[in-house]
Amino acid sequence: MRLNKNLYLASLLLLCSCGNSNQNQGNEQPATGESIADSTAENIEVSEKVVQPKTAYISFYKNANPFHVIDSEEDIEATINHFKNFTHALLLSSNKIVEVKYKEFQKGENNAGAFVADNYRDEWTGLVYESKHKGEDAGLLFDTEYINSHRPAKAVSQESPKLSAKESDFIKAHYPNLKINRVCQSVSLENGDANLFSVQFEPSEEKTLALNVFEKGDKFYINEEWGNGDKYSTWNVDDEGVYHNPDFVVMVSNDLSQYDLFFTRGSIESFAVGEYKITQDSIIPTLYACYYQTVDYQSKRVPDKWTLKYQWKKCFEDEDENSVPKEYAIADLNNDGIKELICRDKAKERIAVFKFENGSIELYESNYSSEAAATVDFKLYTNGIATEWAATVNFIKTVTPFTNLTIQNYRRVSGVSDPHYQKITYGEPKASNEKEFSEQEAKLQKEITNYDSFDWKKIQY
């Protein structure tokens, strides 16, 4: 299954990672005593060690700064210093160069280092850049010196790829015992000054060979990739035996003396970025970045707006059906490592506070009581919430402390009879006592009265 540049742009929500599951599987040739391919190319062992690249992958967003994901924080200072040198990006959608500037390092929260984009960008550890270019896009980063001496090569891809007579003759001469199954891609560079093509051969003795070839003048530089050839195996997971060729991104020196072959390679389960080094008769891939696809549908930094809307409706069930939260603020008010999520409506009349832990939200309290079917007195403190309201002949006060454990509400019900006390866990009330209630009430100090001091974020539905 091929994931080309156009699909990158159409579905940046799921940019995947590296993982040619069966790539290089069986690089040895069939045990027949004879080689099925008389090739001058070397079999390739791709190192997954992250090197200091001359380029790196970057994602652009419609309403946010571009972002580069990193997997390791072992030497973050050196990483930042290296990536500060990247000042330009080549947009894969248009081969256009745009300026970028390093802004800041963003530490992720409890993520596994996998790569997703757009709505989930805030999950990942990485480097934030600034750019005037805003839009769903993908690109490769370069430094100023490189951009001054190179430019994107003019490339024309054949819609129905086929080989030239010269290329066909080369294949027949060097792979006489193999039959081409399909030509995966054929690209002309700089009006024919150089060419790129990829082919997949028919299986032979349960092995399948694919080639990526860079052609310049009378020289052919080859990368061989072997995979299992029977119908039940695949080149990549879910690719059903179809070779998944890399998409080449070619930069050329201004005097046409040097071509640099970068690649992006995506599939259902993976995404990779790297460069093909030209050496002798081969092009040898060097991997810069490699990620496996992991999608966390509950952001740990930003609440899911539809889940929030659903929980809000449960808080204000008897209120206006059109009532929805319009802005939120996130803070760790009691500094226990678990965040509080404060939400309010457009009129700033309804407010609810949730526990926000690992992407999930759970209600602490709101300023509305379904029991009273009315707005209640609501006080927010740095370590909890207190509400008070009257119900027929009783007067009810509830104390809800912020916690990194199970949420519990402590309630005093007073009226014509002596007060009685409850402790409510998961909505189930149990008998409590005055001492337990008073201890929790006494902890509520440092009331927050200026809600506008929070860093409020608008919610767009």
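Our subject in this report is the structure included herewith. Since this is a predicted model, take the numbers as computed values, not measurements.

1. Comments concerning the layout of surface pockets
One way to see where empty space is left: roll a probe the size of a water molecule over the atoms.
Right, so step 1: Of the pockets and cavities examined, the second largest pocket occupies roughly 750 Å³.
Right, so step 2: What lines the second largest pocket is a set of 26 residues, among which Leu363, Tyr364, Glu365, Asn409 and Gly427 lie closest to the centre.
Right, so step 3: Among the secondary structure elements, those contributing two or more residues to the lining of the second largest pocket are helix 5 (305-315), strand 21 (360-366), strand 22 (368-369), strand 25 (384-391), strand 27 (408-414) and strand 28 (420-425).
Right, so step 4: Residue contributions to the lining of the second largest pocket peak at six residues, all from strand 21.
Right, so step 5: Its residues assigned to classes, the lining of the second largest pocket shows eleven nonpolar, nine polar and six charged.

2. A short note on the pattern of salt bridges
Right, so step 1: As enumerated under the stated definition, the model contains 20 salt bridges in all.
Right, so step 2: Between Glu190 and Arg151 there is a salt bridge, with the nearest N and O atoms lying 3.0 Å from each other. Taken together, the residues span a long stretch of sequence, with Glu190 in the loop between strand 10 (180-189) and strand 11 (194-201) and Arg151 in strand 8 (residues 150-152) at a distance of 39 residues.
Right, so step 3: Judged by its relative accessible area of 27%, Arg151 is partly exposed.
Right, so step 4: The closest approach of N and O atoms between Lys457 and Asp455, which form a salt bridge, is 3.5 Å.

3. Quick notes on helix 4 (residues 165-174)
Right, so step 1: Within the sequence span of helix 4, burial applies to Glu167, Phe170 and Ile171. Here the buried residues of helix 4 occupy an arc of 95° about the axis, which is enough to place them on one side. Opposite the buried face of helix 4, at more than 90 degrees from it, the exposed residues are Ala165, Asp169, Lys172 and Ala173.

4. A few points about the state of the cysteines
Right, so step 1: Using the criterion set out here, one finds zero disulfides in the structure.
Right, so step 2: You can see Cys315 has no disulfide; the closest cysteine sulfur is in Cys343, sitting 8.7 Å from it.
Right, so step 3: The class of Cys315 is buried, set by a relative accessible area of 7%.

5. Details of helix 2 (residues 76-83)
It helps to recall that an α-helix has 3.6 residues per turn; residues three or four apart then point in one direction.
Right, so step 1: Three or more residues of helix 2 are buried, namely Thr79, Ile80, His82 and Phe83. For helix 2, the arc enclosing every buried residue in end-on projection is 160°, short of the 170-degree limit, so these residues lie on one face.
Right, so step 2: Looking at the buried residues of helix 2, the elements they touch are strand 1 (56-60), strand 2 (67-69), strand 3 (86-91), strand 5 (101-106) and strand 6 (126-130).

6. A look at the environment of Val242
Right, so step 1: With respect to the secondary-structure elements, Val242 resides in the loop between strand 13 (219-228) and strand 14 (247-253).
Right, so step 2: By relative accessible area, Val242 is classed as partly exposed at 33%.

7. A look at the pairing of strand 12 (residues 207-216)
Right, so step 1: Along strand 12, nine of the ten residues are buried, which leaves the element largely enclosed by surrounding structure.
Right, so step 2: For strand 11 and strand 12, the ladder comprises seven bridges, and the chain directions are antiparallel. The residue bridging Phe197 from the neighbouring strand is Val213, located in strand 12.
Right, so step 3: The turn joining strand 11 and strand 12, which pair antiparallel and follow one another in sequence, is formed by five residues; a positive phi near 50° is taken by Glu205.
Right, so step 4: Here ten bridges tie strand 12 to strand 13, and the two strands are oriented antiparallel to one another. Bridge assignment links Thr208 to a residue of strand 13, and that residue is Gly227.
Right, so step 5: Joining the antiparallel neighbours strand 12 and strand 13 is a turn of two residues, in which Gly217 adopts a positive phi near 65°.

Rules used in this analysis
Residues numbered from 1 in each chain as written. Predicted model: local features only at pLDDT ≥ 70, side-chain atom pairs only at ≥ 80, totals over all residues. Heavy atoms only, no water. 1 Å grid on protein atoms, 1.4 Å probe; cavity = no way out; pocket = protein on both sides within 12 Å on 5 of 7 lines; lining within 4 Å. Points joined across faces, edges and corners; volume = space filled by probe spheres on them. Helix = DSSP H or I, 4+ residues; strand = E, 2+ residues; numbered from the N terminus. Nonpolar A, V, L, I, M, F, W, Y, C, P; charged D, E, K, R; others polar. Salt bridge = Lys/Arg side-chain N within 4 Å of Asp/Glu carboxyl O. Buried < 20%, exposed > 50% of the residue type's maximum accessible area, 1.4 Å probe, protein only. Arc of directions from axis to C-beta. Disulfide = S-S within 2.5 Å. Contact = heavy atoms within 4.5 Å. Pairing = 2+ DSSP bridges.

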